[in-house]
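The primary structure of each chain is shown beneath.
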Amino acid sequence: MAKPAPYLAADLLAGLSIAGLLVPEAVAYSGIAGLSPQAGMAALFVGLLCYGVLGRSRYAIVSATS
C-alpha cells in the first residue's frame, strides 16, 4: 500500500476550507436570485467541474459567480 503524499493533509484542509466558503456563497447567491439552494449548488459544481476540465490558470478564482 502506497503512503499518502506529504502534502495530502494540507490539500485536504485547503479543500475543506474553500468548501466552507463556497457552499454558503452558492446558497446565498441563489436565494438572492430567487432560485432554490439546489440551483446554487448545481451552478457551483458545474463551474468547478468545467474549470477542472478546461481551466489552465493556477490563479483563477472559481466560485458560484464564475
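These lines cover the structure that appears in this document, whether it is placed above or below. Quick caveat: nothing in here was measured; it's all calculated off a predicted structure. (Residues numbered from 1 in each chain as written. Predicted model: local features only at pLDDT ≥ 70, side-chain atom pairs only at ≥ 80, totals over all residues. Heavy atoms only, no water.)

With their axes 7 Å apart at the nearest point, helix α1 (residues 8-32) and helix α2 (residues 37-54) run at an angle of 125° to one another. With respect to α2, the axis of α1 lies oblique. Between α1 and α2 lies a crossing whose hand is right-handed. Here Leu22, Val23, Ala26, Val27 and Ser30 of α1 lie close against α2, whose contacting residues are Pro37, Gly40, Met41, Leu44 and Leu48. Of the residues that constitute the contact of α1 with α2, the class distribution is eight nonpolar, two polar and no charged. (Axes fitted to C-alpha atoms, helices over the stretch in contact; angles between N-to-C directions. Helix = DSSP H or I, 4+ residues; strand = E, 2+ residues; numbered from the N terminus. Parallel < 35°, antiparallel > 145°, perpendicular 65-115°, else oblique. Left-handed = near helix turned anticlockwise from the far one by under 90°. Contact = heavy atoms within 4.5 Å. Nonpolar A, V, L, I, M, F, W, Y, C, P; charged D, E, K, R; others polar.)

Right, let's talk about α2 for a bit. The terminal C-alpha atoms of α2, which comprises 18 residues, lie 26 Å apart, in line with the 26 Å expected from a rise of 1.5 Å per residue. Listed as buried for α2 are Gly40, Met41, Leu44 and Gly47. Looking down the long axis of α2, one finds its buried residues gathered within 130° of arc, a one-sided arrangement. In α2, the exposed positions that point more than 90 degrees away from the buried face belong to Gln38, Leu49, Val53 and Leu54. Residues of α2 that are buried sit in contact with α1. (Expected span 1.5 Å × (residues − 1). Buried < 20%, exposed > 50% of the residue type's maximum accessible area, 1.4 Å probe, protein only. Arc of directions from axis to C-beta.)

This paragraph deals with the side chain of Ser30. Structurally, Ser30 can be placed in helix α1. A polar contact of 3.3 Å, which involves the side chain of Ser30, links it to the backbone oxygen of Ser36. For Ser30, the contacting residues outside a window of four places in its chain are Leu35, Ser36, Pro37 and Gly40. (Polar contact = N/O pair within 3.5 Å; in protein donor to acceptor, adjacent residues only side chain to side chain.)

As a further point, take α1. Over its 25 residues, α1 runs 36 Å from end to end, which matches the ideal 36 Å to within 8%, given 1.5 Å per residue. Restricting attention to buried positions, one finds in α1 the residues Leu22, Ala26 and Ser30. Those residues of α1 that are buried lie in contact with α2. The first or second residue beyond α1 is Gly34, which carries a positive phi of 80°.

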